[in-house]
Amino acid sequence: MNNHFSANLEKTGEVGYVKKQVQSIIYVDGLPTAHLNELIFFENGATGLVFSLGEKYVEVLFLSGERISVGDRATRTGGLVGVDVGDFLLGSVVDSLGKRIDGGGVTPEKTISIDQEPRGMLGREQVDTPFQTGVKMVDMVIPLGKGQRELVVGDRKTGKTLFLMQTLLAQAKRGTVCIYAGIGKRQQDIRSFLDFIESQGIQKNVITVLSGAAEDSGKVFLTPFTAMTIAEYFRDKGVDTFIIMDDMTTHATYYREISLQARRFPGRSSYPGNIFYIHAKLMERAGNFDTASITCMPVAESVLGDLSGYIQTNLMAMTDGHIYFDIDRFNQGQRPSVNPFLSVTRVGLQAQSPLVREVSRQVSSFLVQLENMKDFMHFGAEMSQGVKDTISLGDRVMSLFEQDYRNVVPVNATIYLVARVWAGLGKGEEKQSVVAKCNEIIKDYQTNKETQTRVDEMILGSPSFKDLVAKVKEEGRINEG
Ligand code: ATP
Ligand code: MG
């Protein structure tokens, strides 16, 4: 008999028997005072979570351990399913129950239940500090703030995960604790994620919470809750955190499977009716708090560019905006394939400096103007010089946003680049050469302290974008002699 089982049996004095099992759902009778989300031990050491309370049976969601048979005994623990937390988590890889799977040591400070109520209005603050992704297009056109919940949505293989890794890199370098919840992932995806953080030398600031595609549905289902609980632990210690949930459509699929096994009647789009509530409660746990912030990026997959799916639109309603990865743009070779028109940031702009806000508005409205003009061009209209100039500037702006996922760009370097392009950088040149020039400027900013100080001062001393462009032009004149 398992030690945990006997100890808990002694403590609670209630013994249950397994009556029936339907895949991950185990029907147990004889546990009259069990409560929702309580941790259950079986006599062979396996664990489960109370999923629902029926009149005759308690429905237990199988979590881990040896398989159960009918007639096995079960006992309550009096406690909820919890995760061991402590500083030892930094740099660790854990499973969806918070158990280390990288062979490292465990020195827990405490154990906290993974089903926390979101904090109320008290203790919450407005989003007021920029959250930099290091991705030029996002930091300029869809800027985010710390504590924002931003959905990352797009078709399969459009660069969603790479964008998230890039943001994670930018944030980990600044000392943010980054938590990656990989939900029902394939081995190969897990490998490339771990390789990435290792090759970038940022493990110390990253906590990876993983479940594999082949694991039990219950375990996969718990992944984002465990990750969020870990984020909350660091938040309460005053550390800013960034949490990625990759991805929530997979999460919903596993939950649907569990619900069908438990014979719940499927609701809209055949998802269980409470999936909205489950996801919303999870999203509410992120935000900007008086102690520190939890910035959260859930991921949703769309099919054939359709953003109107049930799970996707639910998530849009629960977040403060979304970044749309466009398959058409991806196929045209744009990297990252973000579509600036179909992306939204609801609380991000208010967190930016007046200059960033101005540049952001300028670039956004310019892109809209450009798009309208391009539509018009399809009619084969004769091009005036003004139209030609706009289109040329548009091409250069899009080239400026091209970015490899291993590079993160400080926001000042991006602002400076925009000003340079506005001042005429790369005019009349091929795309390749504009991209190369931009990369050179960024490299110079990143490696040359003098350039960095000069650019930072120039930006600091510019009350408006127009002013900055004028300064950049002046600088060009001096350099040319
Ligand atoms: P999945 O549906 O598998 O989750 P995803 O949307 O997360 O896919 P990624 O795995 O991030 O997509 O990216 C798919 C491919 O796109 C990458 O293997 C890479 O080749 C290419 N790619 C995307 N963005 C970039 C980028 N910024 N720089 C270079 N390559 C990129
Ligand atoms: Mg992905």
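Figured I'd write up the structure that's included with this text. This is a predicted model, so every value here is computed, not measured.

**A short note on the overall build of the protein chain**
(1) Moving on: The secondary structure content of the protein chain amounts to 15 helices and 19 strands.
(2) Moving on: For 481 residues, the compact-globule estimate of 2.2 N^0.38 gives 23 Å, and the C-alpha radius of gyration of the protein chain, at 26 Å, lies within 12% of that figure.
(3) Moving on: Seen through its principal axes, the protein chain has C-alpha atoms that stretch 90 × 50 × 40 Å.
(4) Moving on: Across the 481 residues that make up the protein chain, the buried fraction comes to 53%.
(5) Moving on: When contacts within the protein chain are restricted to residue pairs at least 6 apart in sequence, long-range pairs at least 24 apart make up 74% of them.
(6) Moving on: Considering the protein chain, the positive charge centre built from 53 side chains and the negative charge centre built from 58 side chains are found 1 Å apart.

**Some words on the packing of aromatic side chains**
(1) Moving on: Here the structure, examined in full by the defined rule, presents twelve aromatic pairs.
(2) Moving on: Aromatic pair F131 and F242: ring centres 5.1 Å apart, planes at 55°, arrangement tilted. With a gap of 111 residues between them, F131 in strand β10 (residues 130-131) and F242 in strand β15 (residues 241-246) connect regions that are remote in the sequence.
(3) Moving on: Measuring from centroid to centroid gives 5.4 Å for F366 and W422, while their planes differ by 70°, and the two rings are edge-to-face. Here F366, found in helix α10 (residues 354-377), pairs with W422, found in helix α12 (residues 411-422); they are 56 residues apart in sequence, far enough to count as distant.
(4) Moving on: Taking the relative accessible area as the measure of exposure, F366 reaches 7% and is therefore buried.
(5) Moving on: An aromatic cluster is defined as three or more aromatic residues linked by ring pairs; in this entry it consists of F51, F221, F225 and Y255.
(6) Moving on: Taking NZ or CZ as reference, R235 lies 4.4 Å from the ring centre of F289, over its face.

**Some points on the site of ligand 1**
(1) Moving on: Around ligand 1 there are 13 residues in total, and K157, G159, K160, T161 and L162 lie nearest to it.
(2) Moving on: Relative to its free-state accessible area of 640 Å², ligand 1 is covered by the protein chains to the extent of 74%.
(3) Moving on: Looking at the shell around ligand 1 element by element, the count peaks at three residues for helix α3 (residues 160-173).
(4) Moving on: Here the residues of the shell around ligand 1 are counted per class, giving three nonpolar, four polar and six charged.

**Notes on a nonpolar patch on the surface**
(1) Moving on: On the surface, F341, L342 and V368 cluster together into a nonpolar patch covering about 230 Å² of accessible area.
(2) Moving on: Tracing the sequence through the fold places L342 in the loop between α9 (327-331) and β19 (344-345).

**Looking at the packing of helix α7 (residues 275-284) against helix α8 (residues 310-318)**
(1) Moving on: At their nearest, the axes of α7 and α8 sit 10 Å apart, and the two run at 35° to each other. As α7 runs across α8, the sense of the crossing is right-handed. From α7, I275, F276, H279, A280 and M283 reach across to α8, where they touch Y310, I311, N314, L315 and M318.
(2) Moving on: A class-by-class count of the residues in the contact of α7 with α8 yields eight nonpolar, two polar and no charged.

**Observations concerning the packing of α12 against helix α13 (residues 431-447)**
(1) Moving on: In the contact formed by α12 and α13, the axes pass within 10 Å of each other and the chain directions differ by 140°. The orientation of α12 relative to α13 falls into the category oblique. α13 is crossed by α12, and the crossing has right-handed handedness. Between α12 and α13, the contacting residues are N412, A413, Y416, L417 and R420 on the first element and C438, I441, I442 and Y445 on the second.
(2) Moving on: Grouping the constituent residues of the contact of α12 with α13 by class yields seven nonpolar, one polar and one charged.

**What to know about the pattern of salt bridges**
Oppositely charged side chains can form a pair if their charged atoms are brought close together.
(1) Moving on: Counting across every chain of the model gives 29 salt bridges.
(2) Moving on: For E475, the salt bridge identified is with R454, shortest N-O distance 1.9 Å. A residue pair is termed long-range when its members are at least 10 positions apart, and E475 in helix α15 (residues 465-479) and R454 in helix α14 (residues 449-460) qualify at 21 residues.
(3) Moving on: Owing to a relative accessible area of 36%, R454 belongs among the partly exposed residues under this scheme.
(4) Moving on: Three or more residues joined by partner-sharing salt bridges are found here, namely R119, R235, D236 and D290.

**Details of α7**
(1) Moving on: Within α7, seven of the ten residues are buried, leaving the element largely enclosed by the surrounding structure.
(2) Moving on: Taken together, the buried positions of α7 are occupied by I275, I278, H279, A280, K281, L282 and M283.
(3) Moving on: Contacts made by the buried residues of α7 are with α5 (217-236), β15, α6 (248-261), β17 (293-301) and α8.

**What to know about the nonpolar core**
(1) Moving on: Counting 72 residues, the largest nonpolar core has M140, F163, L168 and F401 as its most contacted members.
(2) Moving on: Excluding residues within four positions of it along the chain, F401 makes contact with K136, M137, M140, V141, R335, P336 and V363.
(3) Moving on: Core analysis: the next-biggest nonpolar cluster, separate from the first, contains 63 residues, V22, L49, L222 and F289 among them.

**Concerning the sheet that holds strand β4 (residues 47-53)**
(1) Moving on: The strand order around the closed barrel formed by six strands is β1-β2-β5-β4-β3-β6, and the pairing between neighbours is antiparallel. Neighbour-to-neighbour, the strand axes of the sheet open up by a mean angle of 45°, direction not taken into account.
(2) Moving on: Examined bridge by bridge, strand β1 (residues 15-22) and strand β2 (residues 25-29) share five bridges and lie antiparallel to one another. Bridging across to β2, V18 finds its partner in V28.
(3) Moving on: On the sheet, α5 packs against β4 and β5 (58-64) and is oriented at approximately 80° with respect to β5.

**Comments concerning the side chain of T451**
(1) Moving on: By the element assignment, T451 lies in helix α14.
(2) Moving on: For T451, the contacting residues outside a window of four places in its chain are D444 and Y445.

**Considering the side chain of E475**
(1) Moving on: Under the relative-accessibility criterion, E475 is labelled buried at 13%.
(2) Moving on: In this structure the side chain of E475 is engaged in a polar contact, spanning 2.9 Å, whose partner is the side chain of Y416.
(3) Moving on: With residues near it in sequence (within four places) discarded, E475 still touches Y416, R454 and M458.

Rules of the game
- Counting of residues starts from 1 at the beginning of each chain's written sequence and follows it residue by residue.
- Naming scheme: in the order in which they are written, chains are lettered from A and ligands are numbered from 1.
- Selection of residues for local features in this predicted model requires a pLDDT of at least 70, selection of side-chain atom pairs for listing and counting requires 80 or more, and totals for whole chains, interfaces and linings are taken over all residues.
- Side-chain measures here rest on the full set of heavy atoms in the structure, leaving out hydrogens and waters.
- Helix and strand labels come from DSSP, where a helix needs a run of H or I of at least four residues and a strand needs a run of E of at least two; each type is numbered from the N terminus.
- The size measure is the radius of gyration over C-alpha atoms, and the globule rule it meets is 2.2 Å times the number of residues to the 0.38 power.
- Under the scheme applied here, a residue whose accessible area is under 20% of the maximum for its type counts as buried, over 50% as exposed, and between as partly exposed, the area being computed with a 1.4 Å probe on protein chains only.
- Throughout, a residue-residue contact means that at least one pair of heavy atoms, one from each residue, lies within 4.5 Å.
- Positive residues here are Lys and Arg, negative ones are Asp and Glu, while His and the chain termini are left out of the count.
- For charged residues, the charge sits on one atom: NZ in Lys, CZ in Arg, CG in Asp, CD in Glu.
- A pair of aromatic rings is counted whenever rings of Phe, Tyr or Trp (Trp by its six-membered ring) have centres within 6.5 Å, and the orientation is called stacked for planes under 30 degrees apart, edge-to-face for over 60 and tilted otherwise.
- Remark: a charge is flagged as sitting over a ring if the NZ atom of Lys or the CZ atom of Arg is within 6 Å of the ring centre and within 35 degrees of the ring normal.
- Proximity is defined per residue: if any heavy atom of the residue lies within 4 Å of a molecule or strand, that residue is considered near it.
- For the accessible areas, the method is Shrake-Rupley and the probe is 1.4 Å, while residue cover comes only from the protein chains on display.
- Ten residue types, Ala, Val, Leu, Ile, Met, Phe, Trp, Tyr, Cys and Pro, are classed as nonpolar, four, Asp, Glu, Lys and Arg, as charged, and the remainder, Gly among them, as polar.
- Nonpolar side chains (Val, Leu, Ile, Met, Phe, Trp, Tyr) are joined into patches within 5 Å and like charges within 9 Å, using only residues with over 30% relative accessible area and no salt bridge.
- When a carboxyl oxygen of Asp or Glu lies within 4 Å of a side-chain nitrogen of Lys or Arg, that pair is called a salt bridge.
- Simply put, an axis is a line fit to the C-alpha atoms, just over the touching stretch for a helix, and the angle between two N-to-C directions goes from 0 to 180 degrees.
- Less than a right angle of anticlockwise turn of the near helix away from the far helix marks a crossing as left-handed, whereas a clockwise turn marks it as right-handed.
- Orientation labels follow simple angle bins: below 35 degrees gives roughly parallel, above 145 gives roughly antiparallel, 65 to 115 gives roughly perpendicular, and whatever is left gives oblique.
- Residues belong to one nonpolar core when they are buried, are Ala, Val, Leu, Ile, Met, Phe, Trp, Tyr or Cys, and are joined through side-chain atoms within 4.5 Å.
- For two strands to be treated as a pair, DSSP must find no fewer than two bridges joining them.
- Pairs of N or O atoms are called polar contacts if they sit within 3.5 Å, as long as, within protein, a hydrogen donor faces a hydrogen acceptor (for residues adjacent in sequence, only side-chain-to-side-chain pairs).

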